[in-house]
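Per-entry structural report
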Amino acid sequence: MDPGLSLYQLLDPAVLADPYPLLTLLRNPEQMALLDADHSLIPSAVEEMLRYEPPVQHTARIAPEDTTLGGKEIRKGQSVIAVMAAGNRDPERFRDPDLFDIERTDNRHLAFGWAGHFCFGAPLARMGGQIAFSALLRRLSGISLMSQPLEWRENLGLRGLRSLPVSFKPRRAGTQTNQRQLLSTVS
Ligand code: HEM
């Protein structure tokens, strides 16, 4: 099977949203090597990708009544924006928050929101991410970023890439290097 095509299908935007999590891994080659050597780390690596670079950066709520939040007075009807991406790097919550560590165990991040509106699709997204990275690492080796400018989506809330140009070698097909673009259909 064509590795480029199967990779695209595995990174189904409905499940993983984007090839964006792969970018985080590629920007941390020592973590990529660690994961490549030990696939049992895939579940914690997926959680760390979600914590470190959450695809949904923020959400908003309208205050149902006057209240005080973090020392600020909020009036009934005012909008409050919660930046989950910032919460995921809270030094009071996470040890070395700016460190991308796929072996992190205490990792209750906010990438899927919190409480009453916690993401309905989180188990599916988690499972999809784990399956995608498992297949990707089994089929491809030497995945690396190509030196091309990245094209980001222009969406403040849903962070992600329009494409991710990478080079790689199929695991079982000798030494030939392929270059593919992982295209996202989410705009
Ligand atoms: C990596 C993929 C995903 C991420 C990062 C994500 C993130 C989120 C976040 C942050 C929220 C909370 C929004 C808020 O509180 O304002 C949310 C809610 C929700 N998500 Fe996801 N999501 C993902 C995948 C999915 C999938 C695959 C589905 C459906 C199959 C889904 C269905 C929903 C639904 C229905 C809600 C609203 C829940 C409610 O209001 O009670 N999500 N998601």
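Refer to the preceding data block for the structure.
Residues numbered from 1 in each chain as written. Predicted model: local features only at pLDDT ≥ 70, side-chain atom pairs only at ≥ 80, totals over all residues.

Next up on the list: unusual backbone geometry. Most of the time, phi is negative for any residue but glycine, and the peptide bond is trans. Positive phi is not limited to glycine here, since Asp96 has a value of about 40°. Tracing the backbone through its elements, the reader meets Asp96 in the loop between helix H6 (84-87) and helix H7 (122-139). With 9 C-beta atoms packed within 10 Å, Asp96 lands in the exposed category. Its identity is not glycine, yet Ala115 carries a phi of approximately 60°, on the positive side. Looking at where Ala115 falls in the secondary structure, it is placed in the loop between H6 and H7. (Helix = DSSP H or I, 4+ residues; strand = E, 2+ residues; numbered from the N terminus. Buried ≥ 20, exposed ≤ 12 C-beta atoms within 10 Å, placed from the backbone.)

Taking 1.5 Å of rise per residue, the 18 residues of H7 would be expected to cover 26 Å, and the 26 Å separating its terminal C-alpha atoms lies within 8% of that figure. Turning to H7, its buried residues are Ala125, Gly129, Ala132, Phe133 and Leu136. Around the axis of H7, the buried residues are gathered within 90° of arc, so they sit on the same side. With respect to the buried face of H7, the exposed residues turned more than 90 degrees away are Pro123, Leu124 and Arg138. (Expected span 1.5 Å × (residues − 1). Arc of directions from axis to C-beta.)

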